[in-house]
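# Understanding the architecture of this molecule
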Amino acid sequence: MEVSQSELILKTYREIATKLKKPYYVLEAIPANVGNNQILYSSPRLKEVVGLTQYELSSDSNQFFNSIHPDFIEGYFESNKKLLEGSQRAKRIYLIKNKDTGEFVPVEELATSRLNKDRNCYEIYCSIRTINESMD
């Protein structure tokens, strides 16, 4: 079975991120779907931040978007749009509600995008970490 370049890149990214033990996710970035793009893959450790399992995130990515604090969601989507327009990377800080605790957690995220030529769409790779304690 031949492995595509995109699959190889995603596999490599998964291996690196797993070894680094950082929570991350890969977002399908189709401009027409802004705000409704799918999470293609997430690390198991992302559950520690958002309280959502890999299955929950992949089956309904809106759960992730809905957990971003309303004051930050517009900036999050605007950042994704800039990544699709050619920005190399974005560093964003926002609040996300942890499903398990019900509290908003401040996070810092580094996002980069690349064109997946096999699927003819962009993908946004996001590494995320909590900044400090959660807030009510």
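Residues numbered from 1 in each chain as written. Predicted model: local features only at pLDDT ≥ 70, side-chain atom pairs only at ≥ 80, totals over all residues. Heavy atoms only, no water.

### Describing the side chain of Asn80
Structurally, Asn80 is set in helix α5 (residues 70-84). Given a relative accessible area of 7%, Asn80 falls into the buried group. Apart from residues lying up to four places away in sequence, Asn80 is in contact with Leu27, Arg92 and Ile124. (Helix = DSSP H or I, 4+ residues; strand = E, 2+ residues; numbered from the N terminus. Buried < 20%, exposed > 50% of the residue type's maximum accessible area, 1.4 Å probe, protein only. Contact = heavy atoms within 4.5 Å.)

### Let's talk about the pattern of salt bridges
Side chains that differ in sign of charge can pair as their charged atoms come close. Counted according to the given criterion, the structure contains 7 salt bridges. Between Arg92 and Glu109 there is a salt bridge, and its shortest N-O distance comes to 2.5 Å. One end of the pair, Arg92, is in strand β3 (residues 89-97); the other, Glu109, is in strand β4 (residues 104-116), and 17 residues separate them in sequence. The pair Arg92 / Glu109 is uniform in exposure class, with both members buried. (Salt bridge = Lys/Arg side-chain N within 4 Å of Asp/Glu carboxyl O.)

### Details of the packing of aromatic side chains
Considering all chains together, one arrives at 8 aromatic pairs under this definition. Ring geometry for Tyr24 against Tyr41: centres 5.9 Å apart, planes inclined by 35°, an arrangement best described as tilted. Remark: Tyr41 occurs in strand β2 (residues 39-42) and Tyr24 occurs in strand β1 (residues 24-29); sequence separation between them is 17 residues. Looking at Tyr24, the relative accessible area reads 1%, which means it is buried. Three or more aromatic residues joined by ring pairs form one cluster here, namely Tyr25, Phe64, Phe65, Tyr76, Phe77 and Tyr94. (Phe/Tyr/Trp six-rings, centres within 6.5 Å; stacked < 30°, edge-to-face > 60°.)

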